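# Summary of structural features
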Amino acid sequence: MKTYVILSFNEDGLENVYVGQDEEKALGFKPEDFENCDALFVEIWEDGEKIDDFRLEQPSEEIAEDTAD
């Protein structure tokens, strides 16, 4: 079973903000969901090994809406 670790980064360092097995919840987080968060990263673990990691990005339609204002 996969475990998702969400890391919040800012100028002071990083913090684990979520650890769990709910993929939809883990991948649905946004930086604005957390105080003082510049970027979110996800690590995916399975059987005690990290199998993937990447930055959580806003979907392109949200980015387009943000820049249209």
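The structure we're discussing is the one just above.
Below you will find a few notes about this structure. These numbers were taken from a predicted model, which means no experiment stands behind them.

Here we come to the nonpolar core. Tyr4, Ile6, Tyr18, Ala26, Phe29, Phe34, Cys37, Leu40, Val42, Ile44 and Leu56 form the largest nonpolar core, which has 11 residues in total. Secondary-structure elements contributing two or more residues to this core are strand E1 (2-10) and strand E3 (39-46). For this core, the element with the most residues is E3, which contributes three residues. Beyond its immediate chain neighbours, meaning those up to four positions away, isoleucine 6 contacts Glu15, Asn16, Val17, Tyr18, Ala26, Phe29, Leu40, Phe41, Val42 and Leu56.

As a further point, take the pairing of strand E2 (residues 13-20). Where E1 lies against E2, seven bridges are found, and the strand directions are antiparallel. Of the residues in E2, the one forming a bridge with phenylalanine 9 is leucine 14. Linking E1 back to E2 in an antiparallel pair, the connection comprises two residues.

Attention now goes to the pairing of E3. Summarising the sheet, E1 and E3 pair through eight bridges and their orientation is antiparallel. Across the sheet, threonine 3 pairs through a bridge with tryptophan 45, a residue of E3. Across seven bridges, E3 lies against strand E4 (residues 49-56) in antiparallel orientation. Looking at E4, one finds that phenylalanine 41 is bridged to arginine 55. In this antiparallel pair of consecutive strands, E3 and E4, the connection spans two residues, and aspartate 47 shows a positive phi of 55°.

Turning our attention to the pattern of salt bridges. For the structure shown, the criterion picks out three salt bridges. We note a salt bridge from aspartate 53 to lysine 50, for which the minimum N-O separation is 3.1 Å. Of the residues examined, aspartate 53 reaches a relative accessible area of 42% and is grouped as partly exposed. Using a relative accessible area of 40% as the deciding quantity, one classes lysine 50 as partly exposed. What you see here is one network of salt bridges that share partners, running through Glu43, Lys50 and Asp53.

Calculation notes
Residues numbered from 1 in each chain as written. Predicted model: local features only at pLDDT ≥ 70, side-chain atom pairs only at ≥ 80, totals over all residues. Heavy atoms only, no water. Core = buried A, V, L, I, M, F, W, Y, C linked by side-chain atoms within 4.5 Å. Buried < 20%, exposed > 50% of the residue type's maximum accessible area, 1.4 Å probe, protein only. Helix = DSSP H or I, 4+ residues; strand = E, 2+ residues; numbered from the N terminus. Contact = heavy atoms within 4.5 Å. Pairing = 2+ DSSP bridges. Salt bridge = Lys/Arg side-chain N within 4 Å of Asp/Glu carboxyl O.

Purely geometric stuff here, so don't read any function into it on its own.
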